[in-house]
Amino acid sequence: NAGVTQTPKFQVLKTGQSMTLQCAQDMNHEYMSWYRQDPGMGLRLIHYSVGAGITDQGEVPNGYNVSRSTTEDFPLRLLSAAPSQTSVYFCASSYSNPGQTPSTDTQYFGPGTRLTVL
Amino acid sequence: DAKTTQPNSMESNEEEPVHLPCNHSTISGTDYIHWYRQLPSQGPEYVIHGLTSNVNNRMASLAIAEDRKSSTLILHRATLRDAAVYYCILMGGAQKLVFGQGTRLTINP
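Report follows, based on the coordinates. For clarity, every value in this text was computed on a predicted model and none was experimentally measured.

### Focus: the sheet that holds strand β7 (residues 64–66) of chain A
Residues and elements named next belong to chain A. The sheet built from four strands is open, its strands ordered β1-β3-β8-β7 with antiparallel pairing. The open sheet has two edge strands, β1 (4–7) and β7, and neither has a second partner. On average, each strand axis in the sheet is tilted by 20° relative to the strand beside it, whichever way the strands run. When β7 meets strand β8 (residues 76–78), the two strands line up antiparallel, connected through three bridges. Within β8, the position partnered with Tyr-64 by the bridge is Leu-78.

### A closer look at unusual backbone geometry
Note the cis peptide between Thr-7 of chain A and Pro-8 of chain A, where omega equals -5°. Here Pro-8 of chain A shows up in the loop between β1 and β2 (10–13). Even without glycine at this site, Asn-28 of chain A takes up a positive phi of about 60°. In this fold, Asn-28 of chain A is placed in the loop between β3 (19–25) and β4 (31–37). The backbone of Arg-68 of chain B sits at a positive phi, close to 65°, despite the residue not being glycine. One can find Arg-68 of chain B in the loop between β6 (61–64) and β7 (70–75).

### Some points on the pattern of salt bridges
All names here are of chain A. Applying the stated criterion across every chain, the model contains five salt bridges over all chains. A salt bridge links Arg-44 to Asp-38, with the shortest nitrogen-to-oxygen separation between them at 2.7 Å. The exposure class assigned to Arg-44 is partly exposed, which follows from its relative accessible area of 27%. Taken together, the salt bridges that share partners define one network made up of Arg-36, Asp-38 and Arg-44.

### A word on the sheet that holds strand β5 (residues 55–56) of chain B
Residues and elements named next belong to chain B. Pairing within the open sheet is antiparallel, and its four strands lie in the order β2-β7-β6-β5. For this open sheet the edge positions go to β2 (18–23) and β5, each flanked by a neighbour on one side alone. Note: β6 against β7, four bridges, orientation antiparallel. The residue of β7 that forms the bridge with Ser-61 is Ile-74.

### Overview of the nonpolar core
Within the largest apolar cluster, 21 residues are counted, with the highest numbers of intra-cluster contacts made by Trp-35, Leu-73 and Tyr-86 of chain B. Element by element, the count of residues in this core is highest for strand β8 (residues 84–91) of chain B, at four residues. Residues in contact with Tyr-86 of chain B, not counting those within four places in the same chain, are Gln-6, Leu-20, Trp-35, Tyr-36, Arg-37, Leu-73, Leu-75, Gly-102, Thr-103 and Leu-105 of chain B. Core analysis: the second largest hydrophobic core is formed by 20 residues, Leu-21, Cys-23, Leu-76 and Tyr-89 of chain A among them.

### Points about the pairing of β7 of chain B
Residue and element names in this part refer to chain B. Taken together, the six bridges between β2 and β7 define a ladder with antiparallel strand orientation. By the bridge assignment for β7, Val-18 is matched with Leu-75. The antiparallel pairing of β6 with β7 creates a hairpin that spans five residues between the two strands, and Arg-68 there sits at a positive phi of about 65°.

### As for the environment of Leu-45 of chain A
All names here are of chain A. Along the chain, Leu-45 turns up in strand β5 (residues 43–51). According to the relative accessible area criterion, Leu-45 is buried, its value standing at 3%. Sequence spacing of Leu-45 and Gln-107 is 62 residues, and the spatial spacing of their C-alpha atoms is 13 Å.

### Considering the state of the cysteines
Under the definition given, this model contains two disulfides over all chains. Across the disulfide from Cys-23 of chain A sits Cys-91 of chain A; the S-S distance is 1.8 Å. Between Cys-23 of chain A and Cys-91 of chain A, the S-S torsion sits near -70°, and that sign places the bridge as left-handed. In this pair, Cys-23 of chain A is assigned in strand β3 and Cys-91 of chain A in strand β9 (residues 87–94), connecting sequence segments 68 residues apart. In this pair, the class of Cys-23 of chain A matches that of Cys-91 of chain A, namely buried. A disulfide bridge connects Cys-22 of chain B with Cys-88 of chain B, and the sulfur atoms are separated by 2.1 Å. Its torsion about the S-S bond being -85°, the disulfide of Cys-22 of chain B and Cys-88 of chain B is classed as left-handed. Here Cys-22 of chain B is found in strand β2, whereas its partner Cys-88 of chain B is found in strand β8, with 66 residues between them in sequence. Of the two residues, Cys-22 of chain B and Cys-88 of chain B, neither departs from the other in class, the shared state being buried.

Definitions and cut-offs
Residues numbered from 1 in each chain as written. Chains lettered and ligands numbered in written order. Predicted model: local features only at pLDDT ≥ 70, side-chain atom pairs only at ≥ 80, totals over all residues. Heavy atoms only, no water. Pairing = 2+ DSSP bridges. Helix = DSSP H or I, 4+ residues; strand = E, 2+ residues; numbered from the N terminus. Axes fitted to C-alpha atoms, helices over the stretch in contact; angles between N-to-C directions. Salt bridge = Lys/Arg side-chain N within 4 Å of Asp/Glu carboxyl O. Buried < 20%, exposed > 50% of the residue type's maximum accessible area, 1.4 Å probe, protein only. Core = buried A, V, L, I, M, F, W, Y, C linked by side-chain atoms within 4.5 Å. Contact = heavy atoms within 4.5 Å. Disulfide = S-S within 2.5 Å.

Pasting the structure below:
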């Protein structure tokens, strides 16, 4: 298994440009999520999905869109990039919703995409 | 979401045990305690989790207080590769992980 893969690894954008960060997993996981991590900070949840066709907002959703047309893929779209979106973006997946009880499922994280917006 | 409190940083020596504390005084009865770590320039990785009883796996041990208001991640013999940020996270009814700032662990050779 490749696990969770993310592309690209690095990206530089100009303010106002749009782009899509790709995330894919080959573990048949139902739950996928996107986080951002600013320098010296913990991870903050942007959006998540509990299955194909179902998405919901996390803590910091503004400026980002997601869709989940297949179990494997969960792309994150930046609509109009801003310097405040400069960050490292991590995608994660797990077999089931981490909120289910018992909450024993573990999350698998991708290697991250380092995004700079000028 | 229930919160966790961890020291910002800790330091230890190679091949010595490391005890990383976490306070979670508002934990609910169904919350599991999970630990993840993030090595430099990598995504977080799962370390261990537990509910009430102490847990051991190949990476670490988790000691949970009887009242469940605190827990301790134990690395039995730290190596340089264990230098990372360690996150203590409560997972329960919410459909998401909430990461705090974690503890930055430095291992001295």
